[in-house]
Amino acid sequence: MFRLIIAGRGIIAGAALAISVAAAPVDSTPGQSQTSAPAPAPAEVPVEAARILATHPHDPSAFTQGLFFADGALFESTGQHGESVVREVDLATGKAKREVRLPREYFGEGSTGWGDTIISLTWKHGTAFRWDRRTLRQIGTFSYSGEGWGLTQDGKSLILSDGTPELRFLDPKSFAEQRRITVTYQGRPIRRLNELEYVRGEILANIWHQDLIVRIDPASGFITGVIDLRDLAATVPVSDSEAVLNGIAYDDKSGKLYVTGKNWPSLFEIALPTAN
């Protein structure tokens with residue numbers, strides 16, 4: 001059972017599972033808002049414990065911000081000033097096959113593939129980079145307002161999170177905003193949405209500093225399910241408070257789902273969530 005208790009500083013689910021709730025409406029750049037949802041928000045949201053199927057090595061020096069597959073290859077973007085990179089990763093060893101480093105002034109954030117390119121965000125610079133996926137050569141930049149956190153794509157649009165309850169849908173060529181949704185749990189907006197992955201018609205999102213992944217309906221913004229990773233995260237030998245769960249990658253070639261965290265020594269294949 002997943003029970004939410006409204007508390008002074010957020011929402012607490014059960015004994016320890018917390019979802020941060022927005023305390024006030026979000027001030028953000030105007031865009032095309034979501035239209036009225038065709039169905040009401042679910043009265044109850046199912047919670048499913050993550051089930052580990054396999055464990056792979058992961059570079060413990062990688063401050064993971066973005067994780068995705070493209071044509072069966074695993075790519076990762078990392079953060080920290082002077083240490084931010086975009087790279088292809090060997091799944092078997094966790095080591096970088098090749099990588100490109102961002103200029104020192106940039107703090108790297110989420111990333112995703114689009115065609116033969118990679119698009120990666122930066123945190124507070126309002127700059128996104130476009131890279132040639134075959135050579136990792138920079139071939140373009142885009143600008144956006146606010147912060148950049150997570151990035152994924154649904155085959156039509158890029159989907160960007162910025163730490164607020166809103167997800168922006170962007171044109172992959174121009175970065176122009178197409179629409180946005182507000183992510184809600186039983187009517188309450190949920191903030192700190194971080195790394196994103198589009199999986200089988202829904203958006204999966206880490207919530208920063210929470211050992212869970214929420215499942216989001218891309219049409220309405222409703223949270224329709226929760227993947228509980230508390231037991232998985234408890235097995236990871238890290239002591240830094242910022243070494244949090246952050247990394248979701250779905251390989252549509254193999255149908256496998258992977259998760260990791262910032263400076264985690266392991267990458268976990270977990271069972272796909274039950275269809276809603």
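Cut-offs and rules
Residues numbered from 1 in each chain as written. Predicted model: local features only at pLDDT ≥ 70, side-chain atom pairs only at ≥ 80, totals over all residues. Heavy atoms only, no water. Salt bridge = Lys/Arg side-chain N within 4 Å of Asp/Glu carboxyl O. Helix = DSSP H or I, 4+ residues; strand = E, 2+ residues; numbered from the N terminus. Buried < 20%, exposed > 50% of the residue type's maximum accessible area, 1.4 Å probe, protein only. Pairing = 2+ DSSP bridges. Axes fitted to C-alpha atoms, helices over the stretch in contact; angles between N-to-C directions. Phe/Tyr/Trp six-rings, centres within 6.5 Å; stacked < 30°, edge-to-face > 60°. Core = buried A, V, L, I, M, F, W, Y, C linked by side-chain atoms within 4.5 Å. Contact = heavy atoms within 4.5 Å.

(A) Summary view of the pattern of salt bridges. One pass over the full model with this rule turns up 14 salt bridges. A salt bridge links glutamate 202 to arginine 215; the nearest nitrogen and oxygen atoms lie 2.8 Å apart. Remark: arginine 215 occurs in strand β22 (residues 212-216) and glutamate 202 occurs in strand β21 (residues 202-207); sequence separation between them is 13 residues. Classification of glutamate 202 by relative accessible area gives buried; the value is 12%. Overlapping salt bridges, with partners in common, bring together Asp59, Glu76, Arg87, Glu99 and Arg101 in one network.

(B) Looking closely at the pairing of strand β6 (residues 64-70). For β6, the buried fraction is high: seven of the seven residues fall into the buried class. Bridge count for β6 against strand β7 (residues 73-78) is six bridges, and the pairing is antiparallel. Its bridge partner being in β7, alanine 70 is matched across the sheet by alanine 73. Where β6 folds back on β7, the antiparallel hairpin that results is connected by two residues, among which aspartate 71 adopts a positive phi of roughly 50°.

(C) Representation of the sheet that holds strand β25 (residues 256-261). Pairing is antiparallel in the open sheet, where four strands are placed in the order β5-β26-β25-β24. Of all the strands in the sheet, just β5 (52-57) and β24 (245-251) have a single pairing partner and so form its edges. Direction aside, the axes of adjacent strands within the sheet are offset by 25° on average.

(D) Up close: the packing of aromatic side chains. One pass over the structure, following the stated rule, counts 10 aromatic pairs. A centroid spacing of 5.4 Å and a plane angle of 15° characterise the contact between phenylalanine 68 and phenylalanine 75, whose relative ring orientation is stacked. Both residues of the pair, phenylalanine 68 and phenylalanine 75, count as buried. Residues phenylalanine 69 and tyrosine 258 carry aromatic rings whose centres are separated by 5.4 Å and whose planes lie at 40° to one another, so their mutual orientation is tilted. Of this pair, phenylalanine 69 sits in strand β6 while tyrosine 258 sits in strand β25, and the two are 189 residues apart along the sequence.

(E) Main features of the nonpolar core. Among the nonpolar cores identified, the biggest contains 18 residues, and Leu167, Leu193, Ile203, Val214, Ile216 and Ile223 are the most heavily contacted of them. When residues of this core are traced back to their parent elements, those giving at least two are β16 (166-170), β20 (193-199), β21, β22 and β23 (223-228). Ignoring anything within four residues of it in the chain, the contact list for isoleucine 203 reads Ile159, Leu167, Phe169, Leu196, Glu197, Tyr198, Val214, Arg215, Ile216 and Pro218. Core analysis: the second largest hydrophobic core is formed by 16 residues, Ile227, Val236, Ile248 and Val259 among them.

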